[in-house]
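# Observations on the model geometry
As a plain string of letters, each chain reads:
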Amino acid sequence: MKHLEVSKVFQTVSSGDGQFAAKKVRSIHFNGLLDPLIGFDHFELTSDVFGPHPHAGMSAVSYLFEDSGHYHNLDSSGTDIMITPGSLMWTWAGRGIVHTEFPVPEGSRVHGMQIFVNTAASRKQQLPQALFIDGSDMPVVSTKGTAVKVVTGRTEAGSNPTETPDRLTFLDITIEQDHTFRHDLPAGWTATIYVVSGKAVFSNDHKSWIVTTGQVLAAGRSDRQEILALTAISDARLILLSGKPLGEPIFSAGAMAMGSEEELGKAISDFEEGRMGFIRIEGNLRTVVLAT
């Protein structure tokens, strides 16, 4: 029998400047327990600091908190969407896409999470997809002392019926002091807990760990369903991200995550030679040239 594996508690550190600052989390610190996540950023920005850039073989999932400004998403498949506070934009890159996201108006503060999700090797050469989920379409399940926004996927109290490019449970959880939220983790799946604010105890039926603002804990690879409990020591807001690990090697460069060196080389040349399309910036004008 394989029991639940739990990572060490990882403390994020905010880095950046007035234009962009982020607490960054990457899979290298978690001995495979973040899989299928490659990593994520809890970020704030006020300008288009990254500009148009390529993605391939992975997803970039942008989720805005309610106190955020608007975030404009453009990509070379023709997507042109304003991400509103409380909403989510899922860019599933497939074989390759060029995208950019920037605050509207320029200078306004965007506050959110960007999650990087690996794509199964067997699907990395498929055409890209884009999915927008408005915050009003995310169920909020409230019980005494807890409120859970089901951004994607499901938990025991409720589910979001929106079909996403990959199966991922994404919960935005608020817990009042001394109250508990419980989540059933499917056998073989992983779960990553990130504390946006406050302090909580994470536990299963064997052990407990204390996590506080900016800290991350990952767990998974049990061969049975596990009941995970989060009990707030003080009022707390947490993000829970959960999926089935792929267990596949990643060959990466920047925001390209491919299944082999050959695939990575092809993705790089597709971008450099314009086959992913591109976004031209002239002053305040952004012109999308579609992929070929």
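Predicted model only: the values in this text are computed from it and were never measured.

Turning our eyes to something else, we now look at the overall build of the protein chain. When you go through the protein chain residue by residue, the secondary structure sums to one helix and 29 strands. Over its C-alpha trace the protein chain gives a radius of gyration of 19 Å, about what one expects of a compact globule, namely 19 Å for 292 residues. Within the protein chain, the proportion of its 292 residues that are buried is 51%. Partitioning the intrachain contacts of the protein chain with sequence separation of at least 6 by distance along the chain shows that 71% fall at a separation of at least 24. Summed over all atoms, the accessible surface of the protein chain reaches about 12600 Å², with 52% contributed by carbon and sulfur. Mean positive and mean negative side-chain charge positions of the protein chain (24 and 33 charges, respectively) differ by 5 Å.

Here four strands make up an open sheet; going across it, the order is 6-11-8-9 and the pairing antiparallel. Each of the sheet's edge strands pairs with one partner strand only, and the pair in question is strand 6 (53–55) and strand 9 (80–83). In this sheet, neighbouring strand axes are inclined to one another by 30° on average, regardless of whether the strands run parallel or antiparallel. Where strand 8 (residues 70–75) lies against strand 9, four bridges are found, and the strand directions are antiparallel. Paired with Leu-74 across the bridge in strand 9 is Asp-80.

It is worth spelling out the nonpolar core at this point. Counting residues in each nonpolar core, the largest one holds 28 residues, and the members touching the most others are Phe-40, Tyr-63, Leu-88, Met-113, Ile-115, Phe-170 and Ile-239. Looking at this core, the elements that each hand over two or more residues are strand 5 (37–45), strand 7 (58–64), strand 10 (88–92), strand 12 (110–118), strand 13 (129–133), strand 20 (190–197), strand 23 (215–220) and strand 25 (236–243). When residues no more than four places from it in sequence are discounted, the contact partners of Phe-170 are Tyr-63, Leu-88, Ile-115, Lys-149, Val-150, Val-151, Thr-152, Ile-239, Leu-240 and Leu-241. Residues Leu-217, Ala-219, Leu-228 and Ala-232 belong to the second largest nonpolar core, which totals 24 residues.

About the criteria used
Residues numbered from 1 in each chain as written. Predicted model: local features only at pLDDT ≥ 70, side-chain atom pairs only at ≥ 80, totals over all residues. Heavy atoms only, no water. Helix = DSSP H or I, 4+ residues; strand = E, 2+ residues; numbered from the N terminus. Rg over C-alpha atoms; globule rule 2.2 N^0.38 Å. Buried < 20%, exposed > 50% of the residue type's maximum accessible area, 1.4 Å probe, protein only. Contact = heavy atoms within 4.5 Å. Areas by Shrake-Rupley, 256 points an atom, 1.4 Å probe, with all protein chains shown as cover. Lys, Arg positive; Asp, Glu negative; His and termini not counted. Charge placed at Lys NZ, Arg CZ, Asp CG, Glu CD. Pairing = 2+ DSSP bridges. Axes fitted to C-alpha atoms, helices over the stretch in contact; angles between N-to-C directions. Core = buried A, V, L, I, M, F, W, Y, C linked by side-chain atoms within 4.5 Å.

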